[in-house]
Amino acid sequence: MTVPRQRQASSLAAPAARPVEHHTAGRFILRTLFWSGLALAVLPWWLGTKAGSIETSADVFQAAGRVTGLIAGYLLLTQVILMSRLGFLERWIGARHLGLWHRELGGSVLVMILAHGALITVGYAYADSKTATSELGVLLTQYDDMVTAFIAAGMLVCIGLLSIRRLRRALPYELWYFLHLTSYLALLLGFAHQFSDGQELYKPGLGRTAWIGFYVVTIAAVVLGRIVGPLWLNLRHRLRVADVVAEGPNMVSIYITGARLHDLDAKAGQFFRWRFLGRGLWWQAHPFSLSAAPNGRWLRLTVKTVGDHTQRLRAMRPGTRIFVEGPWGDFTAARRIKQRALLIAAGSGIGPIRALLEELPPGAIVIYRASAVHDLHLRHELEQLSELRHAQLWFVVGDRRAPGPRRLFTPAGLRDLVPDVTERDVYLCGPDGLIQQSLAVLRRLRVPRRQVHLDPFEF
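Note that the structure is a prediction, hence the values are computed from the model and not measured. (Residues numbered from 1 in each chain as written. Predicted model: local features only at pLDDT ≥ 70, side-chain atom pairs only at ≥ 80, totals over all residues. Heavy atoms only, no water.)

J.: Explanation requested: the sheet that holds strand E3 (residues 271-276) in the structure shown.
T.: In a beta sheet, neighbouring strands pair by backbone hydrogen bonds and run either parallel or antiparallel. A sheet is described by the order of its strands in space; here 3 strands give the open sequence E4-E3-E6, paired in antiparallel fashion. Edge positions in the sheet fall to strand E4 (286-289) and strand E6 (322-328), since each has one partner strand and no second. Adjacent strand axes in the sheet meet at a mean angle of 30° when their direction is disregarded. Across 4 bridges, the pairing between E3 and E4 is antiparallel. The partner of Trp274 across the bridge, within E4, is His286. (Pairing = 2+ DSSP bridges. Helix = DSSP H or I, 4+ residues; strand = E, 2+ residues; numbered from the N terminus. Axes fitted to C-alpha atoms, helices over the stretch in contact; angles between N-to-C directions.)

Set out below in structure tokens:
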């Protein structure tokens, strides 16, 4: 381990921790709404199924198919609402938990869609004394809106498979993002099938009214979160590129100005989705974190240039207009519950960590992991900030197999560097390898989970 620069902590006492933004109540409310909505979604089948009406194998398969269909439709609508980017949802729940719930529900949607199609087909095949293959042909040719429903199911299955972590990482971000947006099209394609073929929904009544209400709420959430909110934000602040500064051979900082930046509700550690309206850039929106705390005069993001899009950012001209969505994320100083913090970063994760250092109380410890000295981006800023904030700054440089870096990511190594680690909030930001390695060490040191805050760069 090499330590080019270390700032010793001052004896200045940290102020009492500010009240943390607990999301416990919001999560409880959302869970309650979710389970209540799920019960309401399945209630039409329950009310419409008479006692003793499920007797034969065909009845059992058809009943199971209808229930799984209702659950699949409801979960899909819930998925869309979770990612509708409504500001109050993030404030209630936290961006990371919204993302986690979205991914966890994704697997359930996939299973329920496949189960619905298989069970209904088999159930009708039993009733008609046909093979499942023959019955599938009947469903596609003789039932209204069934072809579009099968297309929608196929699209959702593909989206679900591409969301598997290993497959997702193999895709360029913009391709994965646009493929994911097709879930809206799948929702529209499946809508007609629900109301024309669904036994519980095609007739006027409680079931049909409830499901129309589900769709209205979902559409309103998407319109407000994805269209109205961003339009209002950009009309109000009119952001433009002020300067582009190279921080190294593969890192660039972009300074941004605009109107009323002091009214922009952004915090250090948060990210926006940035769409730069320049040649070759306007059609992509990418999530980048702020690398400096908002100051009312300018914003800054620091980007690692690893692909065509980020390479083009280096050549942007001042004055380029920007369309943004955000700010998002709860990787902020407001989440802390202790007086002091430990910040661990690698790669482009140093951007939000550097911004956080401005807003956290004095006495923080920063560990910056890099493979070589020339990969220590924003180094001079970090050194100046650590002095101003009475923080310790450790650069851990070298191959991951070298003795120094290997020892750091052990309980003994981290405790040697941060003796009071269990009494600090820990902020982790960087590649997945760094996150997982750090979490394993923190668990072994018994650092409480509520003191660990993540920004693992999974968008």
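J.: Where do I start with helix H2 (residues 57-82) in this structure?
T.: Spacing of three or four residues puts side chains on the same side of an α-helix, whose turn is 3.6 residues. Compared with the 38 Å implied by 1.5 Å per residue over 26 residues, the 37 Å span of H2 between its first and last C-alpha is a close match. Of all 26 residues in H2, 20 are buried; the element is thus mostly enclosed. (Expected span 1.5 Å × (residues − 1). Buried < 20%, exposed > 50% of the residue type's maximum accessible area, 1.4 Å probe, protein only.)

J.: Before we go on, may I ask you to explain the side chain of Gln194 in this structure?
T.: Tracing the backbone through its elements, the reader meets Gln194 in helix H8 (residues 173-197). Other than its neighbours up to four places away in sequence, Gln194 contacts Gly73, Leu201, Trp211 and Tyr215. (Contact = heavy atoms within 4.5 Å.)

J.: In this structure, what is going on with unusual backbone geometry? I would like to understand it.
T.: Most peptide bonds adopt trans geometry, and most residues besides glycine take a negative phi value. Put simply, Gly326 and Pro327 share a cis peptide bond, and its omega is 0°. Non-glycine residue Ser129 carries a positive phi angle of around 55°. Here Ser129 lies in the loop between helix H4 (95-128) and helix H5 (132-142). On the accessibility criterion, Ser129 (70% relative accessible area) is exposed. In this model, His390 sits at a positive phi of 55°, which is unusual for a non-glycine residue.

J.: How should the environment of Val396 be read in this particular structure?
T.: Within the secondary structure, Val396 is located in strand E9 (residues 392-397). Look at Val396 and you get buried, because its relative accessible area is 0%. A C-alpha to C-alpha distance of 6.3 Å links Val396 and Ala370, two positions 26 residues apart in sequence.

J.: I'm lost on the confidence of the model for the protein chain in this one. Help?
T.: Low-pLDDT stretches of the model should not have their predicted coordinates read in fine detail. For the protein chain, the mean per-residue pLDDT works out to 86, and 94% of the residues sit at or above 70. Across the protein chain, element-level confidence peaks in strand E10 (residues 424-429) with a mean pLDDT of 96 and bottoms out in helix H7 (residues 165-170) with 72. Predicted confidence for residues 1-22 stays below pLDDT 50, and this span has 60 contacts to residues more than four positions away or in other chains. (pLDDT = per-residue confidence, 0-100.)

J.: So what exactly am I meant to see when it comes to the UniProt feature "domain: FAD-binding FR-type" (unreviewed entry) in the protein chain here?
T.: As recorded in UniProt, the sites labelled "domain: FAD-binding FR-type" (unreviewed entry) are residues 234-334. In residues 234-334, helix accounts for 10% and strand for 39%; the two terminal C-alpha atoms are 25 Å from one another. (UniProt positions renumbered as here; feature names shortened; annotations may be inferred.)

J.: Explain the UniProt feature "transmembrane region" (unreviewed entry) in the protein chain here, please?
T.: The UniProt feature table records "transmembrane region" (unreviewed entry) at residues 28-47, 67-88, 109-126, 146-163, 175-192 and 212-233. Along residues 28-47 one finds 100% helix and 0% strand; the C-alpha atoms at either end are 28 Å apart.

J.: What should I look at first to understand the nonpolar core in this one?
T.: When a protein is soluble and globular, its nonpolar side chains tend to lie buried together. Core analysis: the biggest nonpolar cluster contains 38 residues, and Tyr74, Leu75 and Trp211 have the highest contact counts within it. Mapped by element, the contributors of at least two residues to this core are helix H1 (24-48), H2, helix H3 (87-93), H4, helix H6 (146-162), H8 and helix H9 (206-237). A per-element tally of this core places H2 first, with 11 residues. In this view, Trp211 contacts Ala41, Leu70, Gly73, Tyr74, Leu77, Gln194, Phe195 and Leu201; residues no more than four positions away in its chain are not counted. (Core = buried A, V, L, I, M, F, W, Y, C linked by side-chain atoms within 4.5 Å.)

J.: What am I meant to see in helix H15 (residues 432-444) here?
T.: With 13 residues, H15 ought to run about 18 Å at 1.5 Å a step, and its terminal C-alpha atoms sit 18 Å apart, in line with that. Along H15, the residues that are buried comprise Leu434, Ile435, Ser438, Leu439, Val441 and Leu442. Across the axial projection of H15, the buried residues extend over an arc of 165°, all falling on one side. Away from its buried face by more than 90 degrees, H15 exposes Arg443 and Arg444. Looking at the buried positions of H15, the neighbouring elements they touch are strand E7 (340-346), strand E8 (365-370), helix H14 (411-417), E10 and strand E11 (452-455). Once H15 finishes, Arg446 follows within two positions and takes phi at roughly 60°, a positive value. (Arc of directions from axis to C-beta.)

J.: Before we go on, may I ask you to explain the packing of H8 against H9 in this structure?
T.: Relative placement of two packed helices is described by the angle separating their axes and the distance separating the axes. At a closest axis distance of 12 Å, the pairing of H8 and H9 adopts a crossing angle of 155°. In this view, H8 runs roughly antiparallel relative to H9, as classed from their interaxial angle. Where H8 crosses over H9, the two elements pack in a sense that is left-handed. Contacts between H8 and H9 involve Tyr177, Leu181, Tyr184, Leu187, Phe191, Gln194 and Phe195 from the first element and Arg208, Trp211, Ile212, Tyr215, Val222 and Arg226 from the second. Tallied by class, residues from the contact of H8 with H9 come to 10 nonpolar, 1 polar and 2 charged. (Parallel < 35°, antiparallel > 145°, perpendicular 65-115°, else oblique. Left-handed = near helix turned anticlockwise from the far one by under 90°. Nonpolar A, V, L, I, M, F, W, Y, C, P; charged D, E, K, R; others polar.)

J.: Sorry if this is basic, but what is going on with the packing of aromatic side chains here?
T.: Each aromatic ring pair is specified by the distance between its two centres and by the angle formed by the two planes. Taken as a whole and judged by the stated rule, the model has 15 aromatic pairs. An angle of 80° between the planes, with centres 5.4 Å apart, marks the rings of Trp211 and Phe214 as edge-to-face. A residue pair is termed a helical-turn pair when its members lie 3 or 4 positions apart in one helix, as Trp211 and Phe214 do in helix H9 at 3 residues. Geometrically, the ring pair formed by Tyr368 and Phe395 is tilted, given 6.0 Å between the ring centres and 55° between the ring planes. In this pair, Tyr368 is assigned in strand E8 and Phe395 in strand E9, connecting sequence segments 27 residues apart. Taking the relative accessible area as the measure of exposure, Tyr368 reaches 0% and is therefore buried. Residue classification places Phe395 among the buried residues on the basis of a relative accessible area of 0%. Grouped by ring-pair contacts, the aromatic residues Phe34, Trp35, Tyr74, Trp211 and Phe214 constitute a single cluster. (Phe/Tyr/Trp six-rings, centres within 6.5 Å; stacked < 30°, edge-to-face > 60°.)

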